[in-house]
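Residue-level listing of the chains:
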Amino acid sequence: MTTKVTAPGKKNLETTLEISKAIRAYYAGVKLAKMEGKPVVWSYGLVPREIFHAAEAPVLYLEHLPLMIGAKQLSGHYMQIAEEEGFSRDVCAFHRCFLGCSVAKEREPYLDKFFVSPDLIVASNLPCMSETKSFLYSADYHDAPYYFLDAPINTWGKDVPEYAIDYFAGQLQGTIDFMAEKGIHVDWDRLKEAVRLSKKLVELWREIDVCRRAVPAPISSVDGLTAAYPLIQLPGTQLGVTLFERLLEELKGKVERKEGVLEDEKLRLMWFGVPPFYNMGLLNYGEKYGAVVVKSMVEYIAGGGYDPAILDPDQPLKSLAYKALIDIVNPTAENMLDFIVDAVNDFKVDGLVGVVKRSCGLLPGYMRLAKDTVYENTGVPTTIFDLDGLDIREYDDATSKANLDSFIEALLASKRR
Amino acid sequence: MGSLEKLMDIFENPQKEIDEWKKDGKKIVGHRCLYVPEEIIHAAGMLPYPTFGTPEPISKADSYFQPCACEFVRNIFDLSMDKKFDFLDTMVLCNTCDAVRHLYNMWDSYIDSVPCYMVNNPQKMYDESGIQFYLHELEKFKELMEDLSGTKITDDALKNSIELFDETRRLLKELNALRMRDIPAIAGSEFLRVSMASMLMPKEKANLLLKEIIDEVKDREIKDGDGPRIMLTGSVMDNPTLIELVEEMGGVVVADDFCTSTKYFWYETKPNSNPMEAIARFNLERSVCGHTHPVSNRYDYMNELIDDFNVDGIIYFNIKYCHPFVYESATIKKQLEEKAPVLILETDHSLSGLGQLKTRVQAFIEML
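Quick caveat: nothing in here was measured; it's all calculated off a predicted structure.

**Student:** Tell me about the overall build of chain B, residues and numbers included.
**Tutor:** Scanning chain B from terminus to terminus reveals 15 helices and eight strands. Against the globule reference of 21 Å for 368 residues, chain B gives a C-alpha radius of gyration of 20 Å, in line with a compact fold. Judged by the C-alpha coordinates and their principal axes, chain B covers about 55 × 45 × 45 Å. Within chain B, buried positions represent 65% of all 368 residues. Across chain B, every contact between residues at least 6 apart in sequence was considered, and the portion connecting residues at least 24 apart equals 74%. For chain B, the accessible area works out to roughly 13,000 Å², and carbon and sulfur atoms hold 48% of it.

Take a look at the structure:
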C-alpha cells in the first residue's frame, strides 16, 4: 500500500527565497506578455535560453512548469488527464504532466497563474528525444507552428568536431529564423551580450560550487535545486548574474563562519536522478543520521558541467552550440561519468543515491554505469531504487525511506570500521 | 525444398548462413537499425547482419539496464552478454532512440568481445545541413569499415552495393505487392519471415531466392484470405507471433510497417554520381521511423500503405518503454483513425501476455 507522508524541503538561504520570487515574477511576466498580445513560445531542456532572452521572448518550459505544480502535489491530476487523452503511463511524467496541463479543459487556480497557451513551439531532441513527439501533440491541439531543433548525440566527449558544432549552430540559426517569421526577433548585439552574461553566470556558478564543497556543507541540495534555477532558466540575463552574485556572497559568509546544514555532519551524499519535487523533505530525511545531500546532478543538468571559457561572445551561435553538445546529459555517457566522478571527489561524497524515474528514457540508463564507474574510480558506493520525482501516485514513502535508512546505516557502519 | 521454405528455414536457423560466410575468414558487421548504412559494410566485402532479439526472458541484462528500459534493447544486450553475438567482428548502432544511445554506452563499457560503434545520424530529415553533417559521419564510418576489412572502398564498389541492395528492396516490394490482392498470395506471417531472412543473409543469394519465391507464390491464394484486412505498425517486430495471432483470429495481415519489413524496402536509393551522398540522401530522405522529423512525411507514407493495401483496420504495436512509438501513438492514432479504426496494443517484447492480447485482437476484428 502506498503511503503519502510528504514534507517540503528545508531551505537555509535567503537568496533562494529571492530566486523563488524571481521564478514567480518570470511566470507573471509571461502571462502579462500574452495578455499584451505578444507571441508566447513553448520550449524545452537544452534549447539555449540565451536565444530567447536575446529576443525578449516570453517562454514556457516543458520541464519547469510540471516541477512547479509538482511541488504543490498537483502533477498527478494533470498526468491523469494526459492518460485519458491516450498517452501511456510509460510516457515521461514531465511530458504527461505538461500534456495534461496543455489539454485540460479546466485548470487549478495555481496552475492558471503560470499556464499560457503557445503561439509557437521550439522542440529539440536534446537531451532526450521524447519531447519532440509530445510537443507535436500540443502543437496540433493549440494549432501552433512547430520547429524541431536537431542535436547530434555527443559521441566525441569534449572534443566536438567543427562539423558537428556547425550543424547545431545552423539549427540554432533555423530557430532564430523560425521565430522571426512569427514576429519574435533576436537582436544580434543582445545575443552577444547574452552569451557574455551566460559566461559570467557559469563563472559564478563554479565559484558557488567551490563554496559548496566546504565541510560542513553550507547548503543542502534542497537549496541547491532552487539555486540552480538561474543556471537553467536565466542564462544570458543580468538578473541571473545578480542572483548568483548574491548567492555567492551569502555562501562565502556561511563558509567563513563554518556554518553547516548540520552541526555534526557525518555523511555527505550525492543525489543522482530526479528528486521528489512533491516531497523535497525526503532530501532532508538523512539528516537525522547526520547525512547531508550536498549535491544533486539535476542542478547541473543544463550547463553546470562545462568550462565557461568555451563561450565566446563574438561567436554566439557556435558557443551556444558547443555548450549544448558537451552538456552532461547529451548522451553518450563519457561527459556524464567524468562529471559524477569529479563531483564525488570534489565534494568528498560518501555515497551516491540513484533514483529511477520509471518513465524516463534518459537518466535510468546511466545508473549502472555511474555506480560501477564511481566505485572503480573512488571506492564510493551507490544505492539505486525506484522513485518517480513527479508522479506522486507512484511514490511509496515507506519504501523510499527504508532504502535510505539501509544505505545510510551501511555507510555509517563502514565509516566506523 | 522450395525457395519459400528455404528462406523460412534461414529465418529459423540463421547460424548456417553465418558459418557459411565465416568459413573463408570473411567478416560480419552486426547492426541494430534501419539507418545503419549497410551498403558501406558490403562494399568493404563484409556481411551486414541485423541483430534481432529472442522471445526468451531477460536475465543478465536486467542488472545493467533498469527494467524501465526498452525490453527489446535489454534483450539485445542480454544476448550480447551471453556471447550470442560473438561471431560479429563489430557492432554498429545509430542515433535512433534514447535506449539505443544507452545500449551504445553499455556495450562499449561491458562487452569486450565485440567492439561497438555509433553512426551519428540526424533525426531531422530533408535538411541540407543535416546531409552535410551526416556525410562527415559516413566518411568516418567508411574509414572504420576499411580498417576492419583491410579493403579500400571504391566508388564503384559502393555503386555496386547500392544497386544490389536496391534490387533486394525491389524484389521484396514486388513480393509484398502480392498482398494487395483481394485474396493475398502470401500471408503476413510468411512475409515477415521472408523479409527478415533476406536481411540476414548475403544479398546476392537472397535476391535469387526472392525471384524464385515470387514465381512460386504469384498464382496462389492464401487460406481464409478474405477476412478483415489488417495493417500492423509500431515498434520493432522481430518475430511473427503477433501476426500469427491476428491471422488465427480471422484477420488478414495485408500490410505492415516495421523496420523488419516494409520500412526496410519501401524506398530505393535515388541516382547520384556520388555514392556516399546517395547513401546519405537515402537515409535522410525517408521518414519512416518513429524517431524522424517531420512526421508529415511519415503520415503520408502510412496513408499510402493504407490506401494501396485497402486496409480495414490498424493495429499499433508498442513494446513497453519503446519511447519513439509510445510517444507517437496518441498523435498518430488521431491521424490514422481518419482512414481506419486503430487498436493500440502495449506489450512486452516477449509478448508474454498473449492471452490478453488475443482477447483484444479478437474483439477488434469482430468489431471490423
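Let us keep going from here.
**Student:** Please give an account of the interface of chain A and chain B that cites residues and values.
**Tutor:** With 49 residues of chain A at the contact, the number on the chain B side is 44 residues. Regarding the contact of chain A and chain B, the summed buried area is about 4,000 Å², with carbon and sulfur atoms giving 57% of it. By the criterion of area lost to chain B, the three top residues of chain A are A:Met129, A:Lys133 and A:Tyr163, representing 19% of everything that side buries. If you look at where chain A meets chain B, you find one salt bridge. The shortest N-O distance in the salt bridge between B:Lys320 and A:Asp90 comes to 3.1 Å. The interface formed by chain A and chain B includes 20 residue pairs in polar contact (both at pLDDT 80 or more). Residue assignment for the side of chain A that touches chain B shows that the elements contributing at least two residues are helix H7 (130–142), strand S4 (146–149), helix H8 (162–181) and helix H15 (367–378) of chain A. With seven residues, the single largest contributor to the side of chain A that touches chain B is H7(A). Grouping the constituent residues of the side of chain A that touches chain B by class yields 27 nonpolar, 13 polar and nine charged.

**Student:** Residues and numbers for H15(A), please.
**Tutor:** For H15(A), built from twelve residues, the straight-helix expectation of 16 Å at 1.5 Å per residue is met to within 8% by its first-to-last C-alpha distance of 16 Å. What H15(A) keeps buried is the set A:Met367, A:Arg368, A:Leu369, A:Ala370, A:Asp372, A:Thr373 and A:Val374. Those residues of H15(A) hidden inside the fold are in contact with strand S5 (267–272), helix H14 (334–346), strand S7 (351–356) and strand S8 (382–386) of chain A together with helix H5 (98–110) of chain B. Count one or two residues on from H15(A) and you reach A:Gly379, which has phi positive near 80°.

**Student:** Summarise the packing of helix H3 (residues 64–71) of chain A against helix H5 (residues 93–103) of chain A; cite the residues concerned and give the values.
**Tutor:** Residue and element names in this part refer to chain A. Two elements in contact, H3 and H5, have axes separated by 9 Å at closest approach and are oriented at 85°. Judged by the inter-axis angle, H3 sits roughly perpendicular to H5. Between H3 and H5, the contacting residues are Leu65, Pro66, Leu67 and Ile69 on the first element and Phe94, Cys97, Phe98 and Cys101 on the second. In terms of residue class, the contact of H3 with H5 is built from eight nonpolar, no polar and no charged.

**Student:** Account for the nonpolar core, with residues named and values stated.
**Tutor:** Counting 316 residues, the largest nonpolar core has A:Met336, A:Ile340, B:Phe77, B:Met145, B:Leu175 and B:Leu232 as its most contacted members. For this core, the leading source of residues is H8(A), giving ten residues. Once residues lying within four places of it in the same chain are set aside, the contact partners of A:Ile340 are A:Met270, A:Phe272, A:Leu352, A:Ala370 and A:Val374.

**Student:** Any details on the sheet that holds strand S5 (residues 229–234) of chain B? Residues and values, ideally.
**Tutor:** Residues and elements named next belong to chain B. With respect to topology, four strands assemble into an open sheet ordered S6-S5-S7-S8, the strand pairing being parallel. Each end of this open sheet is capped by a strand with a single partner; those strands are strand S6 (252–257) and strand S8 (342–347). Each strand axis lies, on average, 25° off the axis of its neighbour in the sheet, ignoring direction. In terms of strand pairing, S5 meets S6 through five bridges, oriented parallel. Counterpart to Ile230 in the pairing with S6 is Val253.

**Student:** Go over the packing of aromatic side chains with me, naming the residues and quoting the values.
**Tutor:** Going through the model one piece at a time under the given rule, you end up with 30 aromatic pairs over all chains. Seen in terms of ring centroids, A:Phe98 and A:Phe135 are 5.9 Å apart; in terms of plane orientation they differ by 75°. Their pairing is edge-to-face. Note that A:Phe98 is positioned in helix H5 and A:Phe135 in helix H7, a separation of 37 residues in sequence. By relative accessible area, which is 0% here, A:Phe135 ends up buried. Judged by centre distance (6.5 Å) and plane angle (80°), the rings of B:Phe258 and B:Phe317 are edge-to-face. Here the residue B:Phe258 occupies a position in the loop between S6 and helix H11 (262–265), and B:Phe317 occupies one in strand S7 (residues 313–319), the gap between them amounting to 59 residues. With relative accessibility at 3%, the residue B:Phe317 sits in the buried group. Residue placement shows B:Lys173 over the ring face of B:Trp266; its charged tip is 4.2 Å from the ring centre. Positioned above the aromatic ring of B:Tyr321 is the side chain of B:Lys320, whose terminal nitrogen or guanidinium carbon lies 5.3 Å from the ring centre.

**Student:** Got a sec to walk through the environment of A:Asp388? Specific residues and values, please.
**Tutor:** Following the sequence through the fold, A:Asp388 ends up in the loop between S8 and helix H16 (397–416). A polar contact of 2.9 Å, which involves the side chain of A:Asp388, links it to the backbone nitrogen of A:Leu390.

**Student:** Hey, could you go over the pattern of salt bridges for me, with residue numbers and the actual values?
**Tutor:** Enumeration over the complete set of coordinates arrives at 64 salt bridges over all chains. In this structure, the salt-bridge partner of B:Asp9 is B:Lys16, at a minimum N-O distance of 2.7 Å. Its relative accessible area of 23% is what places B:Asp9 among the partly exposed residues. Judged by its relative accessible area of 51%, B:Lys16 is exposed. Sharing partners across several salt bridges, the network here consists of A:Glu83, A:Arg89, A:Asp90, A:Arg96, A:Arg358, A:Asp391, A:Arg393, A:Glu394, B:Lys320 and B:Glu346.

**Student:** Mind laying out the sheet that holds S8(A), listing which residues take part and the relevant values?
**Tutor:** Residue and element names in this part refer to chain A. If you walk across this open sheet you meet the four strands as S6-S5-S7-S8, and the pairing is parallel. Looking at the sheet topology across the chains shown, the edges are occupied by strand S6 (291–296) and S8. Taken pair by pair, the neighbouring strands of this sheet meet at an average axis angle of 30°, ignoring direction. Inspection of the sheet shows S5 paired to S6 by five bridges, in the parallel sense. Residue pairing in the sheet places Arg268 in a bridge with Val292 of S6. In the packing of H16 onto the sheet, the strands contacted are S5, S6, S7 and S8, and the crossing angle to S5 comes to about 140°.

**Student:** Let's hear about the pairing of S5(B): which residues, and what values?
**Tutor:** Residues and elements named next belong to chain B. In terms of burial, S5 is largely enclosed, as six of its six residues are buried. In this region the chain leaves S5, passes through helix H10 (residues 241–248) and returns to the parallel neighbour S6; the handedness of that crossover is right-handed. Here S5 pairs with S7 via five bridges, running parallel. Looking at S7, one finds that Gly234 is bridged to Phe317.

**Student:** Can you lay out helix H12 (residues 238–256) of chain A for me, pointing to particular residues and giving the numbers?
**Tutor:** Residues and elements named next belong to chain A. The first and last C-alpha atoms of H12 sit 27 Å apart over 19 residues, in line with the 27 Å expected at 1.5 Å per residue. All of the buried residues in H12 are Gly240, Val241, Leu243, Phe244, Leu247, Leu248, Glu250, Leu251, Gly253 and Lys254. Contacts from the buried residues of H12 go to helix H1 (14–35), helix H9 (188–212), helix H10 (221–227) and helix H11 (229–233). Two residues or fewer past H12, Lys258 is found with a positive phi of approximately 50°.

Rules used in this analysis
- Residues numbered from 1 in each chain as written.
- Chains lettered and ligands numbered in written order.
- Predicted model: local features only at pLDDT ≥ 70, side-chain atom pairs only at ≥ 80, totals over all residues.
- Heavy atoms only, no water.
- Helix = DSSP H or I, 4+ residues; strand = E, 2+ residues; numbered from the N terminus.
- Rg over C-alpha atoms; globule rule 2.2 N^0.38 Å.
- Buried < 20%, exposed > 50% of the residue type's maximum accessible area, 1.4 Å probe, protein only.
- Contact = heavy atoms within 4.5 Å.
- Areas by Shrake-Rupley, 256 points an atom, 1.4 Å probe, with all protein chains shown as cover.
- Buried area = accessible area lost by both parts, 1.4 Å probe.
- Salt bridge = Lys/Arg side-chain N within 4 Å of Asp/Glu carboxyl O.
- Polar contact = N/O pair within 3.5 Å; in protein donor to acceptor, adjacent residues only side chain to side chain.
- Nonpolar A, V, L, I, M, F, W, Y, C, P; charged D, E, K, R; others polar.
- Expected span 1.5 Å × (residues − 1).
- Axes fitted to C-alpha atoms, helices over the stretch in contact; angles between N-to-C directions.
- Parallel < 35°, antiparallel > 145°, perpendicular 65-115°, else oblique.
- Core = buried A, V, L, I, M, F, W, Y, C linked by side-chain atoms within 4.5 Å.
- Pairing = 2+ DSSP bridges.
- Phe/Tyr/Trp six-rings, centres within 6.5 Å; stacked < 30°, edge-to-face > 60°.
- Lys NZ or Arg CZ within 6 Å of the ring centre and 35° of its normal.
- Right-handed = clockwise from strand over helix to strand, strands pointing away.

Structural measurements only, silent on function.
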